[in-house]
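# Structural description and commentary
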Amino acid sequence: MKGWRGSRQGGDSASSPVAVERSLTSSSSIRLGRVQPQAPGHRTVFCNDRDANHLAKYKGNAVSTTKYNVITFLPKGLYEQFRRVANLYFLTISCLSFTPVSPVSPITNVIPLSLVLFVSLVKEAFEDWKRLQNDMTINNSCVDVLQEQRWESIPWKKLQVGDIVRVKQDGFFPADLLLLASTNPDGVCYTETANLDGETNLKIRKALEKTWDYVAPEKASEFKGEIQCEQPNNSLYTFTGNLILQKQTIPIGPNQILLRGCNLRNTEYIVGAVIFTGHETKVMMNAMNVPSKRSTLERKLDKVIATLFGVLLCMCLIGAIGSAVFVNKKYHYLELWISGDSQQFNPRNRFVVFVLSIFTLITLYSPIIPISLYVSIEMIKFIQSTKFINNDLHMYHSETNTPALARTSNLNEELGQVEYIFSDKTGTLTRNLMEFFKCSIGGETYGTGVTEIEMGAARRNGLNIKEKTASNTAREKGFNFDDARLMHGAWRNEPNPDMCKEFFRCLAICHTVLPEGEETPEKLRYQAASPDEAALVTAAKNFGFFFYRRTPTMIYVRESHVEKIGKVQDVTYEILNVLEFNSTRKRQSVVCRYGDGRLVLYCKGADTVIYERLASGNDELKKISREQLEQYGEAGLRTLCLAYRNLSPETYESWNEKFIQAKSSLRDRERKLDEVAELIEKDLTLIGCTAIEDKLQEGVPSCIETLSRAGIKIWVLTGDKLETAINIAYACKLINNDMKQFVISSETDAIREVESRGDQVEIAQFIRETVKNELQKCHEEAQHIVHGSTGQKLSLLIDGKCLMYALDPNLRSTLLSLSLSCSSVVCCRVSPLQKAQVTRLVRKGANKITLSIGDGANDVGMIQAAHVGVGISGMEGMQAVMASDFAIAQFRFLTDLLLVHGRWSYLRLCKVVSYFFYKNLTFTLTQFWYTFQTGYSGQRFYDDWFQSLYNVIFTALPVIIVGLLDKDVNASLSKKYPQLYKQGIDNAFFNWKVVGTLACFSVYQSVIVYNFAIASSTTGLTSAGKILGVWDISTAAFTCLVITVNLRLLMMCNTVTRWHSISVGGSILAWFIFIFIYSLVFVNKGTYFTIYVLMSTAYLYLLAILVPIVALLGDFLYQGAQRWFYPYDYQIVQEIHRHEPESIGAGLLEVGNQLTPEEERRYAFALLPRERSKHTGFAFDSPGYESFFATQQGVSAPQKPWDVIRRASMKPKSKSPRTSRH
Amino acid sequence: MDASTRTKSRSKKPQYSRFTQQELPAWKPILTPKWIITSFVIIAILFTPAGLLCLWASERVVEIIDRYDDDCLPDSYSTDPDSFIQSNNTNKTCVRTLKVPRKMTAPIFIYYQLDNFYQNHRRYVKSRSDKQLRDPDEADETEDCKPINGNDDGPIVPCGLVAWSLFNDTYKFFKGNKAIDIDKKDIAWESDKKYKFGSNVYPKNFQNWELIGGGALDESKPLSEQEDLIVWMKTAALPTFRKLYGKINTDLEANETITVVIQNNYNTYVFGGEKKVALSTANWIGGKNDFFGISFLTIGGVCFFVAINFILLYVLKPRPLGDPSYLSWNRNQGAQ
């Protein structure tokens, strides 16, 4: 019935402008809002009407993330392979070898190339197969669809636009849905968008009132709405459309849309209509390829390859000139002057001879560039990351059941060269586990605990404080408070119980937390934008003010002990206004109405802003409280001040009018709201303050110390305030009292004074000048100290505002040079963007290898900016992990990741690369020497097959074994002597010196192999006086070469396992097996019977003994002398520990057994259910709940600065941390 | 739901294996001076006698070499050797006398040696047809032989530059006036005769081309019996090479004079090559070959020298093994 319209309007209108025009005119009654410019037109979805939608030919819901399919695999896969320069080079060579200029048969180059391509393609196919399987699991997961008044479970891929689906609690949305109804009252449902943007706080979506009833299948089947909406686009936070229901047009916005990839929380089930499917869903439109990073070593390798190519050209040039000079018709037996099949040796045209000879010789010398190098390296790295890094028991965190994960295998060796680490603070250095630790109410301080930082400070001062293990401590996540005076209603006996009551109510009411789960104190969980908030609400609960339910207008609190001890009473507070937290306000207020009509404004915020707004008087309390705040700050605690104000109805009403006005204003709403808030947030009464402990991650200080001994400099980039950052830096041993500290802060009186005047231009200018002066002053001083003899270490502390100016192009170099001379740098109050900027500054400006580690969405920028990005996995949202290259569960695992895996990978890769370089150079040089003896004709020395199998069989496996198994010192020594890591930073094992030395030995060895084989073969070589031919001699030479090159590998090894011997022996054996068979197979080749002929001579045996020994003697001597006179550090360490047996699995026991009571306590904490939330700078920064209300009033949620992750994170998996512990 | 999540959320703890934890048992050699000195001394000890043995074997071989290309050119043709060698009317016989320095025991091998002759030139090496040589049915397989592949009379067997340029000087040996028998049998490798050159392949159309390159072949004998050809066609590795001509199965006494009558047919004058005839005995090491002996001795000597030097350095500049003070960070500390 409506089919014809659907087909016209809903189709891909972009391709037919006529249809667009008509569809717009035909629906002139409906004006669509902002249609995305990139996709003109709109789509019409007929709910519950498959036939009507069918004509529009919407795409199915099946998604495919595979790169290839059966048909495209070969062409596309090959195309991808030939985009690599090396493969293209070999393709060219292979093509050349089909022409008559080639001295070698095509086999020589085609076989290795095909083998390499084959291996690469198999790897691609394997990876794509895994992607396909992943897709299939997703496509085949089931969802309930309304069919014939019943819910039928069908796979996701069968889902079509317009279908009505039901999604149950914790289920993922299979497509972009329009929320029709929910089991919750008011059509509200909660979604978690962690997979989209990494935010773990719950978002509220609310169905249109008209559709609230369509919950039951019978009712829902009656739903016949028509949705007109924008074309698919990738904007996650916008949506415009209309629902036409019973001839009524109702606008729909982002608030009614449930996006694929999110999952449902706290709602039994929802009913929705499918709008966008499959690849047209917003999350899929956002799918992006993360740009792959290449390691520095590989880039260095490219240079070496380029050099090799240069050497190759030189060799060709020499040969070609020789050839042009040589050709002469006097060599009558060569018949050069007779124009045969080509002009290649025509003496009358020497230029042609020269040019063609170049091509000939390029083909001949092509093995100088190791064809199998890249594929071998890839294989080695792949195994290193999947088998070693992912399986390392040292990096397995049992508390969160998280092993380490190498998300890319490109950067293994980069881990061995990191010089700068940029670390996030919260969640990375600290646990983001906020615990209510102390508080001060009415000037009285409560809470007896001692923070780790205080203990650390005490230890620095030589005191040894044993923590009191209080038996009666209330222990819950977020609450680590020990003071009997406040617990179980005891606060009623305190000097000022009323103040306490206000304190607790403020905690229970003034927040943006969402309760989740059963409404009992034990089972209920709090969903908070920041863990600080959850800690505060949890504290209120423990004090007897249990917040258990919230609606958009009400807060329900179960209060105990208020009237008298033991009495429990459910109280509701009407929430009239929420004045949101933001970073300029640094405070948050709630206006609520008590049951009895009392109007109160509760406010909590930073001490500075609260103090400014306190009513005058009661200076004593203010003074005491301020002292206590300072104490808390020193102890590394995060403080907040609480205050309240009683409002008279008149005051409130007149203010509320202004507030509503500001809220509905279209321009400068933010600013106006702030201004209105100022009007009511004054004359406050101070209640007290809270102190929350941000606990350090386990093992962080020792890890940082180890890393800095390894020559790695650690920078902390945090959103926290200066004082907190400094405290944490002290606790982490990043800064100590011996260091010279440079502090560049915007929190100076001079700047504050200028700021108070409010002229933005003046402020900017003033700060810029200040920063410039400060920087220059510090820089001079730093230079003085660095060049002085005191050896004092430096540290720099800078805050975000100053950093903004310091990153200015004019000052950047000063900043860089100053910060590079500091051993630790702390940047506080920085934005995600600045984090990335700082990282890039060091990466590009100083050309050092950088690593960023972080856990939250705000770290994504810096994780992507650094050479190596590391995400903390296991507790936070996926965002950082999805952007990272490596994911580890704990900061302290960096020691293993860098000092063990990184160092080894670097060492191994260096060996592999230099060995490849060496073996191919040696091989090609023997060939080169022969050119001089053949009249520069380009005659090959070796048989085709020898040359083609040299790389892929006779020398392939041992080097891979070395790339996997070689280790200079074992893992525990790597960590015991972190200084060994410095050689990676200095790139001591793969630089031009190393390459040069290697090249010298390569030349030496090739000369030995070639000349010995040649020079000793000039006379009869048997007692029968018979003479050997060229193929016999080359076979003998090749035998020597294979033995030499393989033994040379053994000499490079630090450790020799069974596998080394097997592979080296096997390779040599493979050559003999090959030649024994080969020389019997091809009668028509020169190599026929060679090995048997050779075996009848003493020549072969003498040569096979003499040549490898003579060739390797040089290396042996060099290595011996190097070790004796200029030993590397690792060699000394090897010597120190030479008698110690390998400690198998010993390192693993250390973690489990030696738990101090303190650690045990920390473990106990780690075992508690973990909050999945995100920290962004100050305690309250992430508007979740309020944004919902804001959007209700037409304000769109601010777009997040970061991009959206790939669907990889959508894999349905266990989300519940509670079950995962068993 | 619960059950399924529980099974899914099983421990992700990696399994322990020595491979994944990188704890495979390994031998960790440390290249200490003791090791170096020991290995060098061992090499020296082994190589010196081996070198002496090789040298002794080589010394026992008696070798006579005579270069005859220039001397066999009549003076009248010295400015134009080409016309001499290409003419059919010139007398190319040449007589040389050789003196036996030491007793040569049979078998004595006769070699011809060519110089500056690029048998290993790319154009030359590939200009042959191994198929044709083996199988009479593949006589047409002459693609690689161009331009010497055939003419109107059909394909050339054996085709190609290699066969075409067959060496054709002949030697006769006389002790006084008595001719010495030259055994031309069994001068090629057995495998070549058996497998590479067919016993039913006969030369055809050979040296019928406009240019005559070298020796002709007896068309009645199969290729497998044309041992001169077989020897010639085993291309040499270097531009200076020796090939077996025949054997003398009688002993030659010391100070005997033998006369060689040479038919100087082969044209090396045009490219300035040299021709030599060589008589040599052979033992297990082959012909006269000092190379192995000298190399072994030299290497043995070098190793001995290095070992001594290392011992001296070991004494003069000792370094305690595994002394932590040699660690770079400790050294730097010491410097400050």
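Treat the numbers as computed from the prediction; the structure is a model and nothing was measured. (Residues numbered from 1 in each chain as written. Chains lettered and ligands numbered in written order. Predicted model: local features only at pLDDT ≥ 70, side-chain atom pairs only at ≥ 80, totals over all residues. Heavy atoms only, no water.)

## Looking at the overall build of chain B
Test applied: Each helix is a run of H or I in the DSSP string that is no shorter than four residues. Each strand is a run of E no shorter than two, and both are numbered from the N terminus. Taken over C-alpha atoms, the radius of gyration is set against a globule rule of 2.2 Å times the number of residues to the power 0.38. The cut-offs for exposure are 20% and 50% of the maximum accessible area for each residue type, with area from a 1.4 Å probe on protein chains only; residues under the lower value are buried, those over the upper are exposed, and the others partly exposed.
Along the backbone of chain B there are 10 helices and 11 strands. For a compact globule of 336 residues, the expected C-alpha radius of gyration is about 20 Å, and chain B comes in at 32 Å, more than 25% above that figure. Here the C-alpha coordinates of chain B stretch approximately 100 × 75 × 40 Å along the principal axes. Sorting the 336 residues of chain B into buried and exposed places 51% on the buried side.

## Here we look at the packing of aromatic side chains
Stated precisely, the cut-off is as follows: Aromatic contacts are taken between Phe, Tyr and Trp rings whose centres are within 6.5 Å, Trp giving its six-membered ring; a plane angle under 30 degrees counts as stacked, one over 60 as edge-to-face, and the others as tilted. Cation placement over rings: the criterion is NZ of Lys or CZ of Arg within 6 Å of the ring centroid and within 35° of the ring normal.
According to the stated counting rule, one finds 96 aromatic pairs over all chains in the structure shown. Residues Y420 of chain A and W715 of chain A carry aromatic rings whose centres are separated by 5.9 Å and whose planes lie at 90 degrees to one another, so their mutual orientation is edge-to-face. Of the two residues, Y420 of chain A sits in strand β15 (residues 420-424) while W715 of chain A sits in strand β29 (residues 713-717), which places them 295 residues apart along the sequence. Y420 of chain A sits in the buried class, given a relative accessible area of 1%. If you follow K1085 of chain A out to its NZ or CZ, it ends over the ring of F1082 of chain A, 5.6 Å from the centre. Directly above the ring of Y326 of chain B sits R319 of chain B, whose terminal nitrogen or CZ lies 5.6 Å from the centroid.

## Focus: the pattern of salt bridges
Our working rule: The salt bridge definition used is simple: a Lys or Arg side-chain nitrogen within 4 Å of an Asp or Glu carboxyl oxygen.
Taken as a whole, this structure holds 67 salt bridges over all chains when the rule is applied. One salt bridge in this structure joins E681 of chain A and R587 of chain A, with 2.6 Å as the shortest N-O distance. With E681 of chain A in the loop between α19 (669-680) and β28 (685-696) and R587 of chain A in strand β25 (residues 587-593), this residue pair connects regions lying 94 residues apart in the sequence. Assessed through its relative accessible area of 0%, E681 of chain A is described here as buried. Residue R96 of chain B pairs with D71 of chain B through a salt bridge whose shortest N-O separation is 3.1 Å. Of this pair, R96 of chain B sits in strand β3 (residues 93-99) while D71 of chain B sits in the loop between β2 (63-67) and α3 (81-86), and the two are 25 residues apart along the sequence. In this structure R96 of chain B comes out as buried when scored by relative accessible area, which is 15%. Classification of D71 of chain B by relative accessible area gives exposed; the value is 52%.

## Some details on the sheet that holds strand β4 (residues 164-168) of chain A
Residues and elements named next belong to chain A. Which entries qualify depends on this criterion: DSSP calls a pair of strands paired once it identifies at least 2 bridges connecting them.
Strand order in the open sheet formed by 6 strands is β3-β2-β4-β13-β5-β11, with antiparallel pairing between adjacent strands. The open sheet terminates on both sides in strands that have one partner only, identified here as β3 (150-155) and β11 (257-258). Where strand β2 (residues 142-147) lies against β3, 6 bridges are found, and the strand directions are antiparallel. What sits directly across from L146, in β3, is W151.

## Overview of the confidence of the model for chain A
This is how it is decided: Each residue carries a pLDDT score, the predictor's own confidence in it, on a scale running from 0 to 100. The contact definition used throughout considers only heavy atoms, calling two residues in contact when any of these lie within 4.5 Å.
Taken over all residues, the pLDDT of chain A has a mean of 81, while the share at 70 or more is 85%. Across residues 467-472 of chain A, where pLDDT falls below 50, the model places 7 contacts with residues more than four positions away in sequence or in other chains.

## Quick word on the nonpolar core
All names here are of chain A. To keep things clear, this is the line we draw: For the purposes of this section, nonpolar cores are sets of buried Ala, Val, Leu, Ile, Met, Phe, Trp, Tyr and Cys residues that join through side-chain atoms within 4.5 Å.
Membership of the largest hydrophobic core comes to 143 residues, with the highest contact counts inside it found for F1038, Y1099 and L1103. Ranked by the residues each element gives to this core, the list is headed by helix α29 (residues 894-933), at 15 residues. Grouped together as the second largest cluster of nonpolar side chains are 83 residues, Y548, V591, Y652 and L684 included.

## Considering the state of the cysteines
Applicable threshold: By disulfide we mean two sulfur atoms from cysteines, separated by a distance within 2.5 Å.
Under the counting rule described, the total for this entry stands at 2 disulfides over all chains. For C72 of chain B, the disulfide goes to C94 of chain B, at an S-S distance of 1.9 Å. Torsion about the S-S bond of the C72 of chain B and C94 of chain B cystine: about -70 degrees, corresponding to left-handed handedness. Of this pair, C72 of chain B sits in the loop between β2 and α3 while C94 of chain B sits in strand β3; the two residues are 22 residues apart in sequence, bridging distant segments of the chain. C94 of chain B matches C72 of chain B in its accessibility class, with the two residues each being buried. Through a disulfide, C145 of chain B is tied to C159 of chain B; the S-S separation comes to 1.9 Å. Here the residue C145 of chain B occupies a position in the loop between α5 (130-134) and β5 (150-151), and C159 of chain B occupies one in the loop between β6 (154-155) and α6 (160-164), the gap between them amounting to 14 residues. Comparing C145 of chain B with C159 of chain B shows no difference in burial state: the two are buried. No disulfide involves C827 of chain A; its sulfur sits 7.6 Å from that of C828 of chain A, the nearest cysteine.

## A closer look at helix α23 (residues 760-787) of chain A
Residue and element names in this part refer to chain A. The following threshold applies: To estimate how far a helix should reach, multiply one less than its number of residues by 1.5 Å.
The terminal C-alpha atoms of α23 lie 40 Å apart, and with 28 residues this matches the ideal 40 Å at 1.5 Å per residue to within 8%. Of the residues making up α23, those classed as buried are I763, I767, V771, L775, C778, H779, A782 and I785. Contacts made by the buried residues of α23 are with β30 (740-744), α22 (749-757), β31 (794-799), α24 (800-806) and α25 (809-820).

## Some words on the packing of helix α12 (residues 373-389) of chain A against α29 of chain A
Residues and elements named next belong to chain A. Using the following cut-off: The convention used is that axes are lines fitted to C-alpha atoms, helices contributing only their stretch in contact, and that angles between N-to-C directions extend from 0 to 180 degrees. Roughly parallel refers to an angle under 35 degrees, roughly antiparallel to one over 145, roughly perpendicular to one between 65 and 115, and oblique to any angle outside these ranges. Should the near helix be turned anticlockwise from the far one by less than a right angle, the crossing is termed left-handed; should it be turned clockwise, right-handed. Polar here means any residue other than Ala, Val, Leu, Ile, Met, Phe, Trp, Tyr, Cys and Pro, which are nonpolar, and Asp, Glu, Lys and Arg, which are charged; Gly is therefore polar.
It is the contact of α12 with α29, at a shortest axis distance of 11 Å, that shows an interaxial angle of 160 degrees. If you check the angle between α12 and α29, you find them roughly antiparallel. The handedness of the crossing between α12 and α29 comes out as right-handed. Facing α12, whose interface residues are L373, S376, I377, I380, K381, Q384, F388 and I389, α29 presents L897, H901, S905, R908, L909, V912, V913 and F916. In terms of residue class, the contact of α12 with α29 is made up of 10 nonpolar, 4 polar and 2 charged.

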